[in-house]
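Given next are the chains, with one letter for each unit.
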Amino acid sequence: DTAVSQTPKYLVTQMGNDKSIKCEQNLGHDTMYWYKQDSKKFLKIMFSYNNKELIINETVPNRFSPKSPDKAHLNLHINSLELGDSAVYFCASSLDGINNEQFFGPGTRLTVL
Amino acid sequence: KQEVTQIPAALSVPEGENLVLNCSFTDSAIYNLQWFRQDPGKGLTSLLLIQSSQREQTSGRLNASLDKSSGRSTLYIAASQPGDSATYLCAVIATGGFKTIFGAGTRLFVKA
């Protein structure tokens, strides 16, 4: 059973389009995250949610809008895609956002042409 | 502002060698530190989590230590194997929680 899953695995799209990435965890965790890994492989937190509430927003452009319909899901919608949005996006979860290890999804490779 | 640095950026060792990867952080006020490995094109796999009150954690051939006062952690890998080849990342949970700061990683290559 996959603990943290993301769809799609690959996403290729044109500049200006809107796209969504879905994330689901079946671990019963309260906290979920979105990370961006750029072309130099540096991993940076974008958002964290706890019990469906936004806790951290790391100065991400408001073209990125996360949504947590329930504790098991955290989706990421991106409007007006730009070339610089090309990256691998990882979803992760942890039991709480403080004392427990994080588990990562397999990533979504977004390519904006 | 918390910054996490990993040294070396890359390391190549022969099979069987013991090795140490280093991670340093600028602000000692952390909740915990976690080590991950990332294989090419894959997600992150959690290796070890050290709580701020702990000094070390062990799992199999891996041992991670934490010295909060000096802002350092090490990951010791015993008897390295080609299957250990991957990028190793350390990450700290900053005070306040919910925010993880990653180092840039150490790319390890173990030669058979």
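Draft legend 1. A look at the environment of N22 of chain B. Relative to the elements of secondary structure, N22 of chain B occurs in strand 3 (residues 19-25). Considering only alpha carbons, one finds N22 of chain B and F36 of chain B, 14 residues apart in sequence, at a separation of 13 Å.

Draft legend 2. Layout of the sheet that holds strand 7 (residues 62-67) of chain B. Residues and elements named next belong to chain B. Spatially, 1-3-8-7-6 is the arrangement adopted by the five strands of the open sheet, whose pairing is antiparallel. The open sheet is flanked by strand 1 (4-7) and strand 6 (56-59), the only strands paired with a single partner. Each strand axis lies, on average, 15° off the axis of its neighbour in the sheet, ignoring direction.

Draft legend 3. Looking closely at empty space enclosed by the protein. Residue and element names in this part refer to chain A. On inspection of all chains with the given rule, the structure shows one cavity of 30 Å³ or more. The computed volume of the largest cavity comes to approximately 30 Å³. Surrounding the largest cavity, D30, M32, Y49, K52, S68, D70, K71, H73 and L74 form its lining. For the lining of the largest cavity, the elements supplying multiple residues, two or more each, are strand 7 (64-70) and strand 8 (73-78). Residues belonging to the lining of the largest cavity are distributed by class as follows: three nonpolar, two polar and four charged.

Draft legend 4. Looking closely at the sheet that holds strand 3 (residues 19-25) of chain A. Residues and elements named next belong to chain A. The four strands lie next to each other as 1-3-8-7, forming an open sheet whose pairing is antiparallel. The open sheet has two free edges, formed respectively by strand 1 (4-7) and strand 7, since each of these has just one partner strand. Pairwise comparison of adjacent strand axes, ignoring direction, gives a mean angle of 20° for this sheet. In this structure, strand 7 lies alongside strand 8, joined through five bridges in antiparallel fashion.

About the thresholds
Residues numbered from 1 in each chain as written. Chains lettered and ligands numbered in written order. Predicted model: local features only at pLDDT ≥ 70, side-chain atom pairs only at ≥ 80, totals over all residues. Heavy atoms only, no water. Helix = DSSP H or I, 4+ residues; strand = E, 2+ residues; numbered from the N terminus. Pairing = 2+ DSSP bridges. Axes fitted to C-alpha atoms, helices over the stretch in contact; angles between N-to-C directions. 1 Å grid on protein atoms, 1.4 Å probe; cavity = no way out; pocket = protein on both sides within 12 Å on 5 of 7 lines; lining within 4 Å. Points joined across faces, edges and corners; volume = space filled by probe spheres on them. Nonpolar A, V, L, I, M, F, W, Y, C, P; charged D, E, K, R; others polar.

Geometry only, nothing functional implied.
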